[in-house]
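Architecture at a glance
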Amino acid sequence: MQQYFRHKDAYGDCLLFYRMGDFYELFFDDAVKAAGILDIALTKRGKHADQDIPMCGVPVHAAELYLQKLIASGLNVAICEQMETPEEAKKRGAKEVVRRDVVRIVTPGTVTEEALLAPGQALYLAALHYTPSPSGGGSGWGLAEARPSQAPHPASPRRGEEKSALAWLELSTGEFVTSETSLASLPALLARVAPRELLLTQGAYEKLHAEPWFAEWRTRATIRADALFDHRKGERVLRAHFCVDDLAAFGAFTGPELSAMGALMDYVQLTQMEAAARLDPPKKESPESHLQMDAATRRNLELTQTLSGERKGTLLSTLDRTLTAAGGRTLAAWLSAPLRRRDIIAARQDAVAYARADASWRTKIRDALAKVPDMERALGRLSLGRGGPRDLQMLGTGLAQSIALSDLLRAPALPSLLMEVRDALTGHHELADTLERALMNEVPLKAADGNFVASDWRADLAEYRTLRDESKRVLTLMEARLKKETDIGSLKIKHNNVLGYFIEITQIHEKKVPPTFIHRQGLAGSLRYSTPELNDIARKIEEAADRALKLELEVFGELVAQVLKQGGPIVATARALASLDALAALAERAEEGGWVRPQIAEDGGFAVEQGRHPVVEAALRRTHGEFIVNDCVMDEFLKTSPLRGEVGANAPGEGDSAGDNTPRRLTPTPTLPPQGGGRLWLLTGPNMGGKSTFLRQQAMLVILAQMGSCVPAKRAGIGLVDKLFCRVGAADDLARGQSTFMVEMVETASILNQATPASFVILDEIGRGTATYDGVSIAWAVAEHLHNVTQCRASSPRITTSSPSSRRRCRTSRTTRRRSRNTVDKLIFMHTIAPGKADKSYGIHVAALAGMPKPVLARSRALLKLLESGHSITEKPLREELPLFAHATPPAESKLAERLANVEPDKMTPMEGLQLVAELKKLAEE
């Protein structure tokens, strides 16, 4: 326990997994906490200060399962291993305790075990260098604070504001990125990276704690000392790790970026102890390189996770046709961070078009990709000393498939991006051959289990294995001979880790046991013995097995060294394979859905003909339903610009990469239906008419287009978008003390403060959480601001028919419906968008479709007629019809209350008082 206390004192903020033989044991408060989370028995072991010591334990072989639950609960675990065997400890003294030491700290952001990682999902550890404004005027993070009507560029700090930086890495793959960011754009960057653990200083945490957007990161925050966020220290740590004298070769890093990266490196060294993590050289990311989306937008569009927390039903699940874990992570990264560089988007589009054009070639590529394991994470485990023979075999298999794929990519007229992939797949013939010849077909997970090196790889290994296996054959012959000599048919020769080899017989044959047998152990139903002959054979077997295992471990070390020496090229190959998988998957999805290649332009145009919502369409196909297509033109994009690229299916002669790869220009696009342009769309119509689906559809098409994918439409042209905002629906956020309306207003304020003319805004249900006139006023003012000030592409429903739709950049549309032929009061929603304004909301018709009781519907219709006649709820006709509201009329709104408010009793004569009473009586009777 003294040894335990020393380690616990050093890692007091972690649960201590204390190795005791075949178990990790936890004591005191650690045991109480872990037993509750893991649902395992809480027992006791010995006493401390005359009190029982609470204890629980988990088997070493199943530790990963329990670690997963503890890490998911936000806890850190220190792994304290036995550093020697009990026999080695006894050599130092009869009462010496086995030496133990903490070899690793497992935290939510530093998990590397295969069983603890989602194959298609990245797990990031991030560090935030945050510098408050020197002016001392608050944190500068308020989303609703007063700001200029035209928001500055996200990379441009406000006056008196210093730059901050975020650095993030994926320990299992070595990905290492940093980005300098403004305070206004950091929430969007954090939402994209979604780190599992966020490092920051106490001061930064206190400054950000009250910010509404920071609420979801509070539970993921890990406080680190200010001194660790020092750019000079960070530069030294980085130079030492990457063995360079100057970091200039990796990029021109700023002080905040060096500080954030240094804090990350320090944390990795702290948690991994002596293990040297294999990390990529840090990559500097420009804030302008990706389309920005805040957390609310990602949540509302359900890109990678639905509102209920599931993957099914997301845009990613609809899009994902990848065959490898790394390909799945790559596709998810592309979807989470659409591009803003037209040349890179075009390169991806060319590769997708090439893969789509030749179905036979694409099938061969995908068949080979299906055999590629997760090479990046296998290499990561080997570099940290946690890998095994199976990781080596995964690398060997992956490298062999990369060679086969490089041959398939030697095709004519290959697009530039696929050429880059092909070049990254070469140069591994020797290592792939070595791994294939050195390893058996079936290998264990751990090197200590042995039996993974091919027998013909080393002659001395084959010799020891023959001796070991021959001795086992001798044991088999010995067992048969003893059965015959003793006439004991149940006699068996067995082995365990405590007794070694022994002879076991049932107790009923005890009288037949020869006197040469030496008793070792008695059990309830059997007896165990040994003999000098058996002991001699057992010694030879153990010596041969030990020597064979020692040689296998030597071979394992040599193979790992060869692999790590080529770590850089292997990672490049693994990522090239992941990109190839993602590109082929996009081509497969485009062909499957009849998607088209959108034209990408630098201007702010947006035009889609016969667009479809990818997720809703996929759901309807499963039920054999049909999706209703719609056009959306926010500018004269398609009417004035001929399309380059795919239109419809990849027919010969269409697209940039058909046949000889010669760019072709199509004939000018036919004019779309006469619906006009307009950068601001005001969409009216009844509930269930398809407004929200239509709005989300346009946002998803932007994302798909800028990630390099085809889009579900007949024809599409999209101008590059810098920021995408989607505010649809709202819910109470009681944890932050915010009502539905407050959540709605905070998100809307964020949009109006940050949107630029190059942004794309989707607004739904603005002002519905307050009074009717308040809501209409807010919605109207928001629409005017988007039209007059921001001038971005935007769509918004819920605006009244009297909203400012006559502006030159504004267009009003409506969802269509028709009445049922069989039932006059029943509506059939057409889910099509047409020019014009909706004449009414049809809320009662929707209530009927929902199954509202008929008496309630009849009463609703009667009251609606009264309200539509122009009567106020405070007037007598409606007060009589609505007795529940008669007493709810605020006193301040009545004539009686108004008259009393103007009375000054101290200045009245008795006659004036009598006249007032008569006047009040008359008012009360009205």
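Because the structure is a prediction, the values reported are computed rather than measured.

Criteria and cut-off values
Residues numbered from 1 in each chain as written. Predicted model: local features only at pLDDT ≥ 70, side-chain atom pairs only at ≥ 80, totals over all residues. Heavy atoms only, no water. Helix = DSSP H or I, 4+ residues; strand = E, 2+ residues; numbered from the N terminus. Buried < 20%, exposed > 50% of the residue type's maximum accessible area, 1.4 Å probe, protein only. Contact = heavy atoms within 4.5 Å. Areas by Shrake-Rupley, 256 points an atom, 1.4 Å probe, with all protein chains shown as cover. Salt bridge = Lys/Arg side-chain N within 4 Å of Asp/Glu carboxyl O. Phe/Tyr/Trp six-rings, centres within 6.5 Å; stacked < 30°, edge-to-face > 60°. Pairing = 2+ DSSP bridges. Axes fitted to C-alpha atoms, helices over the stretch in contact; angles between N-to-C directions. Parallel < 35°, antiparallel > 145°, perpendicular 65-115°, else oblique. Left-handed = near helix turned anticlockwise from the far one by under 90°. Nonpolar A, V, L, I, M, F, W, Y, C, P; charged D, E, K, R; others polar. Core = buried A, V, L, I, M, F, W, Y, C linked by side-chain atoms within 4.5 Å. pLDDT = per-residue confidence, 0-100. Expected span 1.5 Å × (residues − 1). 1 Å grid on protein atoms, 1.4 Å probe; cavity = no way out; pocket = protein on both sides within 12 Å on 5 of 7 lines; lining within 4 Å. Points joined across faces, edges and corners; volume = space filled by probe spheres on them.

**Focus: the overall build of the chain**
Counting its regular elements, the chain contains 32 helices and 27 strands. Counting only residues that meet the buried cut, the chain has 50% of its 926 residues in that class. Considering only contacts in the chain between residues 6 or more positions apart, those separated by 24 or more positions represent 69%. A total of about 43,800 Å² of accessible surface is found on the chain, and carbon and sulfur atoms cover 53% of it.

**So, the pattern of salt bridges**
In this structure the tally under the stated criterion is 53 salt bridges. Arg-224 serves as the salt-bridge partner of Asp-266, at 2.9 Å between the closest nitrogen and oxygen. Residue Asp-266 is found in helix 9 (residues 255-272), and its partner Arg-224 is found in strand 11 (residues 221-224); the two are separated by 42 residues along the sequence. For the salt bridge of Arg-278 with Asp-280, the shortest nitrogen-to-oxygen distance reads 2.9 Å. Accessibility expressed as a relative area gives 18% for Arg-278, which makes it buried. Among the residues examined, Asp-280 registers a relative accessible area of 11% and is labelled buried. Residues joined by salt bridges that share partners form a network here, namely Arg-278, Asp-280, Arg-329, Asp-374, Glu-376 and Arg-575.

**Some points on the packing of aromatic side chains**
For the structure on display, the rule yields 14 aromatic pairs. Taking 6.1 Å as the distance between ring centres and 70° as the angle between the ring planes, the aromatic pair formed by Tyr-205 and Phe-214 counts as edge-to-face. Tyr-205 gets classed as buried once you look at its relative accessible area, which sits at 18%. Between Phe-606 and Phe-760, the aromatic rings sit 5.1 Å apart at their centres with planes inclined by 50°, giving tilted as the arrangement. Of this pair, Phe-606 sits in strand 19 (residues 606-611) while Phe-760 sits in strand 24 (residues 760-763), and the two are 154 residues apart along the sequence. In this structure an aromatic cluster arises from ring pairing among Tyr-4, Phe-5, Tyr-18, Phe-27 and Phe-28.

**Details of the sheet that holds strand 8 (residues 164-170)**
Read from one edge of the open sheet, six strands run 11-10-7-8-9-12, paired in mixed fashion. Two strands close off the open sheet at either side, each with one partner strand: strand 11 and strand 12 (283-284). The sheet contact formed by strand 10 (residues 197-201) and strand 11 spans four bridges and is parallel. Following the sheet pairing, Leu-199 is matched in strand 11 by Thr-222.

**Quick notes on the pairing of strand 22 (residues 715-719)**
In terms of burial, strand 22 is a largely internal element, five of the five residues being buried. Burial of strand 22 is two-sided: the residues Arg-715, Gly-717 and Gly-719 facing one way and the residues Ala-716 and Ile-718 facing the other way are all buried. With three bridges connecting them, strand 18 (residues 599-601) and strand 22 associate as parallel partners. Bridge assignment links Ile-600 to a residue of strand 22, and that residue is Ile-718. Sheet analysis places strand 19 next to strand 22, joined by four bridges and oriented antiparallel.

**Side note on the packing of helix 8 (residues 231-242) against helix 9**
Where helix 8 meets helix 9, the closest approach of the two axes is 7 Å, and the angle between their N-to-C directions is 60°. Taken together, the axes of helix 8 and helix 9 lie oblique to each other. In terms of crossing hand, the pair formed by helix 8 and helix 9 is left-handed. Here His-231, Lys-233, Gly-234, Glu-235, Val-237, Leu-238 and His-241 of helix 8 lie close against helix 9, whose contacting residues are Gly-255, Leu-258, Ser-259, Met-261, Gly-262, Met-265, Asp-266 and Gln-269. Within the contact of helix 8 with helix 9, the residues separate by chemical class into five nonpolar, seven polar and three charged.

**What to know about the packing of helix 15 (residues 375-383) against helix 16 (residues 389-408)**
Packed helices, taken two at a time, are described by their axes: the angle between them and the distance between them. Following both chains from N to C, one finds helix 15 and helix 16 inclined at 145°, their axes separated by 9 Å at the closest point. Seen along the crossing, helix 15 lies across helix 16 with a hand that is left-handed. From helix 15, Met-375, Ala-378, Leu-379, Arg-381 and Leu-382 reach across to helix 16, where they touch Asp-391, Leu-392, Met-394, Leu-395, Gly-398 and Leu-399. A breakdown of the residues in the contact of helix 15 with helix 16 according to their chemical character gives eight nonpolar, one polar and two charged.

**Focus: the pairing of strand 4 (residues 51-59)**
Looking down a regular strand, the side chains alternate between one sheet face and the other. Two strands pair when backbone bridges link them, and strand 2 (residues 23-27) and strand 4 are joined in this way by five bridges, in the antiparallel orientation. Residue Leu-26 lies in a different strand from strand 4, and its bridge partner there is Cys-56. In this structure, strand 3 (residues 43-48) lies alongside strand 4, joined through four bridges in antiparallel fashion. Bridging across to strand 4, His-48 finds its partner in Gln-51. Hairpin remark: strand 3 followed by strand 4, antiparallel, with two residues in the connecting loop; positive phi at Ala-49, about 55°.

**Quick word on unusual backbone geometry**
At Asp-39, a residue that is not glycine, the phi angle is positive and equals roughly 55°. One can find Asp-39 in the loop between helix 2 (28-38) and strand 3. For Asp-487, which is not a glycine, the phi torsion comes out positive at approximately 60°. With respect to the element layout, Asp-487 can be found in the loop between helix 19 (459-486) and strand 14 (492-496).

**Some thoughts on the nonpolar core**
In terms of nonpolar packing, the biggest core is built from 99 residues, with Leu-392, Leu-395 and Val-563 touching the most fellow members. Once you skip the residues sitting within four places of it in the chain, Leu-395 turns out to touch Met-375, Ala-378, Leu-379, Leu-382, Leu-435, Val-563 and Ile-570. Counting 25 residues, the second-largest nonpolar core is a separate cluster that includes Ala-167, Leu-238, Ala-260 and Met-261.

**Let's talk about the confidence of the model for the chain**
Overall, the predicted model of the chain reaches an average pLDDT of 83, with 82% of residues at or above 70. Below a pLDDT of 50 lies the segment residues 638-676, which in the model reaches 83 contacts outside its immediate sequence neighbourhood of four places, other chains included. This model gives residues 799-806 a pLDDT under 50, and the stretch forms 16 contacts once residues within four places in sequence are excluded.

**A few points about helix 24 (residues 691-706)**
With 16 residues, helix 24 ought to run about 22 Å at 1.5 Å a step, and its terminal C-alpha atoms sit 23 Å apart, in line with that. Burial analysis of helix 24 places 13 of its 16 residues in the buried class, the great majority of the element. Directly after helix 24, the chain includes Gly-708, whose backbone phi takes a positive value near 100°.

**Comments concerning the environment of Pro-373**
By the secondary structure assignment, Pro-373 is in the loop between helix 14 (359-369) and helix 15. Taking the C-alpha atoms as reference points, Pro-373 and Thr-397, separated by 24 residues in sequence, lie 7.3 Å from one another.

**Comments concerning empty space enclosed by the protein**
Scanning the model with the defined rule gives six cavities of 30 Å³ or more in all. Counted as a void, the largest cavity has a volume near 140 Å³. For the largest cavity, the lining is made up of 15 residues, of which Leu-189, Arg-192, Glu-285, Pro-287 and Gln-292 are closest to its centre. Listing elements by their share of the lining of the largest cavity, those giving two or more residues are strand 9 (175-181), helix 5 (186-193) and strand 13 (292-293). Per-element tally for the lining of the largest cavity: the top contributor is helix 5, with three residues.

**Quick notes on the environment of Leu-720**
With respect to the helices, strands and loops of the structure, Leu-720 is situated in the loop between strand 22 and strand 23 (723-727). Note on Leu-720: relative accessible area 10%, which makes it buried. In this structure, the C-alpha to C-alpha distance between Leu-720 and Asp-603, residues 117 residues apart in sequence, is 6.8 Å. Residue contacts for Leu-720: discarding those within four places in its chain leaves Arg-340, Arg-342, Ile-345, Ile-600, Ala-601, Glu-602, Asp-603, Gln-706, Ala-758 and Arg-793.

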